[in-house]
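Each chain, written out:
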Amino acid sequence: LNSLVGLQQVKKEVTSLINLLKVQKLRRENGLPDLLFSRHLVFVGNPGTGKTTVARLIASIYHELGVLSKGQLVEVDRSGLVGGYVGQTAIKTQEVIQEAIDTILKAMEDHRDDLVVIVAGYPGLMERFINSNPGLKSRFNRYITFEDYTPSELLEIFESMCKKSGYTTDYTVDHYVLEYFTNKYNHRDDFFANGREVRNFFERAAVNQANRLAIAYGISGDDIAMLTLEDVEQA
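Computed from a predicted structure; not experimentally measured.

Looking at the environment of Pro47
Inspection of the secondary structure assignment puts Pro47 in the loop between β1 (41–45) and α2 (51–64). Residue Pro47 is classed as buried on the basis of its relative accessible area, which comes to 14%. Residues Pro47 and Gly218, spaced 171 residues apart in sequence, show a C-alpha to C-alpha distance of 42 Å. Contact partners of Pro47, with chain neighbours within four places excluded, come to Tyr122, Phe192, Ala193, Asn194 and Arg196.

As structure tokens, this is what we get:
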């Protein structure tokens, strides 16, 4: 978790949760009653801010701390819960969504000792979702906010992707990428995808490099590993 780029507030919130769970474990080992608090979480943030990545890590952390017997994360979205009703009337779909919520709430109660639910999505939509049902509101009271990545953090993510793929860059490339994502960040809208924006940009740059090298002669190992200013300017 601490190796992830940015997410300082997320790391702080998760660390506090871990500390609480550690103390809970110690209390249990010393015969003290359990503290009553919800382990279910609401992740609020825009796309590409690391919500799924952190959810997977929390599943593993919960398992390591003995909160869950297994550490697997089962990911589902709307289509996975109400897929059979897509395309039918709004009223019918709403009924089935409510049925899905009721089923989840019942499972959270029936398996409260070995089931943790994390719900995630856009800030406004998540607030509407939680407030749509009293049962949801009572069970989900721990919110973790995932802020948009800053331009410097987006550059750090790009550099991390380069390193993992064996690419090298120089100052001119890094300077251009920082300016590119500064402009993107300053003009971001609801479709700004944070880390996914970086992934798409990185993949376009890699394609540009491949197209450039494909028609070049006398290519060296350094050439293959280097992303140039030309590669990123066209990305």
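Once the structure has been displayed, the description carries forward.
Some details on the packing of helix α7 (residues 151–164) against helix α8 (residues 171–186)
For the pair α7 and α8, the least separation of the axes is 8 Å and the interaxial angle reads 130 degrees. Considering the angle they form, α7 stands oblique to α8. Our pair here, α7 against α8, has a crossing hand that is right-handed. Mapping the contact onto sequence places Pro151, Ser152, Leu154, Leu155, Phe158 and Glu159 in α7 and Val173, Asp174, Val177, Leu178, Phe181, Thr182 and Tyr185 in α8.

Focus: the nonpolar core
Counting residues in hydrophobic clusters, the biggest one holds 41 residues, and the most contacted among them are Val14, Phe43, Val54, Tyr62, Phe158, Val177 and Phe201. The set of elements that each furnish at least two residues to this core consists of α1 (8–29), β1, α2, β3 (143–146), α7, α8 and α9 (195–214). Once you skip the residues sitting within four places of it in the chain, Phe158 turns out to touch Thr169, Val173, Val177, Val198, Phe201, Phe202, Leu227 and Val232.

As for the sheet that holds β1
If you trace the 3 strands from one edge of the open sheet to the other, you get β2-β1-β3, paired in parallel fashion. Where the open sheet ends on each side, the last strands, each with one partner, are β2 (118–121) and β3. Strand-to-strand twist of the sheet, defined as the mean angle between neighbouring strand axes without regard to direction, takes the value 15 degrees. Bridge analysis of β1 against β3 gives 4 bridges, and the strand direction is parallel. Within β3, the residue paired with Gly45 across the bridge is Phe146.

Some details on the packing of α7 against α9
Angle between the axes and distance between the axes are the two parameters that describe a pair of packed helices. In contact at an axis separation of 9 Å, α7 and α9 are set at 45 degrees when each is read in the N-to-C sense. It follows from the interaxial angle that α7 and α9 lie oblique. In the crossing of α7 with α9, the sense of the turn from one axis to the other is right-handed. From α7, Leu154, Ile157, Phe158, Met161 and Cys162 reach across to α9, where they touch Gly195, Val198, Arg199, Phe201 and Phe202. Classifying every residue of the contact of α7 with α9 by side-chain character gives 8 nonpolar, 1 polar and 1 charged.

Quick notes on the side chain of Asp148
The topology assignment puts Asp148 in the loop between β3 and α7. Classification of Asp148 as buried rests on a relative accessible area of 14%. A polar atom in the side chain of Asp148 sits 3.0 Å from the side chain of Asn46. Among the polar contacts listed, one links the side chain of Asp148 to the side chain of Arg188, at a separation of 2.8 Å. Ignoring any residue separated from it by four or fewer positions in sequence, one finds Asp148 in contact with Asn46, Thr49, Glu153, Tyr185, Arg188 and Asn194.

Thoughts on the environment of Phe192
Within the secondary structure layout, Phe192 lies in the loop between α8 and α9. Counting along the chain gives 144 residues from Phe192 to Gly48, while the straight-line C-alpha distance between them is 8.5 Å.

Some details on α9
Taking 1.5 Å per residue as the helical rise, α9 with its 20 residues ought to reach 28 Å, and the 29 Å between its terminal C-alpha atoms agrees with that figure. Turning to α9, its buried residues are Gly195, Glu197, Val198, Phe201, Phe202, Ala205, Ala206, Asn208, Gln209 and Leu213. Down the axis, α9 shows its buried residues gathered within 165 degrees of arc, on one side only. In the core, the buried residues of α9 are packed alongside α7, α8, α10 (221–225) and α11 (229–233).

Here is what the cut-offs are and how they apply
- Residues numbered from 1 in each chain as written.
- Predicted model: local features only at pLDDT ≥ 70, side-chain atom pairs only at ≥ 80, totals over all residues.
- Heavy atoms only, no water.
- Helix = DSSP H or I, 4+ residues; strand = E, 2+ residues; numbered from the N terminus.
- Buried < 20%, exposed > 50% of the residue type's maximum accessible area, 1.4 Å probe, protein only.
- Contact = heavy atoms within 4.5 Å.
- Axes fitted to C-alpha atoms, helices over the stretch in contact; angles between N-to-C directions.
- Parallel < 35°, antiparallel > 145°, perpendicular 65-115°, else oblique.
- Left-handed = near helix turned anticlockwise from the far one by under 90°.
- Core = buried A, V, L, I, M, F, W, Y, C linked by side-chain atoms within 4.5 Å.
- Pairing = 2+ DSSP bridges.
- Nonpolar A, V, L, I, M, F, W, Y, C, P; charged D, E, K, R; others polar.
- Polar contact = N/O pair within 3.5 Å; in protein donor to acceptor, adjacent residues only side chain to side chain.
- Expected span 1.5 Å × (residues − 1).
- Arc of directions from axis to C-beta.

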